[in-house]
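# Inside the fold
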Amino acid sequence: MRLKVILAAMVVVGGAALTVAQTLHTDHDAGMDHAAHGQIGNAGGRVLTEPGQGAFAALSEVVRVLESDPDTDWSRVDLAGLRAHLVDMDRLITDSVVTETDLPNGLLMMATGDAESIATLRRMVPAHAAQLARDDRWTVDPSEVENGVELRVTSDDPAVVARITGLGFFGLMASQDHHREHHLMMALGEDAHAH
């Protein structure tokens, strides 16, 4: 039942985002003067904080940080690598098909999908599992299987078990607030998962 709720919510959210994106794209092409961007300012006191779609917004933020730092080593900057990672993040959330099995002490999650999703899962889940494993309240065990990736997260503490099952696969993938730091490291050409 949990899987159906997750997938239904993603379809609704994805559909709404697509509709908004198409509408904005049409309006954007019809009447936007790109040369006027710098002259618009805050449009009568209204200030937007989101500079576009999620991956574009993340790249835009990184570019702003890099450009504001006079010590940025532009010869090492790798925005294409960061973009590839952001595409993986999006594919992991929107295209993965996950089966979650409750265990007495945690959760067993099987994640699969099409060939691109499986490749994404095999890049993303082990790297994120290493981050999750830094929390000593649970044990994290990822493994590559024929059709994707299996992730087992367990604990001896009933409160932590409740947290694990409450988070589920997607919540676990989004937990441990390290993503922004890693994105900046990737943009700077560093191995974000080596630390």
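Above: the structure in question.
Report on the accompanying structure. (Residues numbered from 1 in each chain as written. Predicted model: local features only at pLDDT ≥ 70, side-chain atom pairs only at ≥ 80, totals over all residues. Heavy atoms only, no water.)

## Here's the deal with the pattern of salt bridges
The test is simple: For salt bridges, the criterion is a side-chain nitrogen of Lys or Arg within 4 Å of an Asp or Glu carboxyl oxygen. Where helices and strands are cited, they refer to DSSP runs of H or I of at least four residues and of E of at least two residues respectively, numbered from the N terminus. Exposure is judged per residue with a 1.4 Å probe applied to protein chains only, and the accessible area is read against the type maximum: over 50% gives exposed, under 20% gives buried, and values in between give partly exposed.
Enumeration over the complete set of coordinates arrives at seven salt bridges. Arg64 is paired through a salt bridge with Glu61; the nearest N and O atoms lie 3.9 Å apart. Residue Arg64 and its partner Glu61 are both found in helix H3 (residues 54-68); the two are separated by three residues, about one turn of the helix. Residue Arg64 is classed as exposed on the basis of its relative accessible area, which comes to 51%. Its relative accessible area of 42% is what places Glu61 among the partly exposed residues. What emerges from the salt-bridge pattern is a single network uniting Asp88, Arg91, Glu116 and Arg123.

## Here we look at the nonpolar core
Cut-off, in case you're wondering: By convention a nonpolar core is built from buried Ala, Val, Leu, Ile, Met, Phe, Trp, Tyr and Cys residues, the set being connected through side-chain atoms within 4.5 Å. Contact between two residues is taken to exist if any of their heavy atoms lie within 4.5 Å; hydrogens are not considered.
Membership of the largest hydrophobic core comes to 21 residues, with the highest contact counts inside it found for Met109, Val125, Trp138, Leu151, Val153 and Phe169. Of all the elements in the fold, those that place two or more residues in this core are strand E2 (106-112), helix H5 (115-132), strand E4 (148-154) and helix H6 (158-174). No other element matches the six residues that H6 contributes to this core. When neighbours within four sequence positions are excluded, Trp138 is seen to be in contact with Leu132, Val153, Thr154, Ser155, Val160, Arg163, Ile164, Leu167, Leu172 and Gln176.

## Some words on H3
Test applied: Any helix carries an expected span of 1.5 Å times its number of residues minus one.
For H3, with 15 residues, the first-to-last C-alpha span of 21 Å sits near the 21 Å given by 1.5 Å per residue. Buried within H3 we find Ala57, Ala58, Leu59, Val62 and Leu66.

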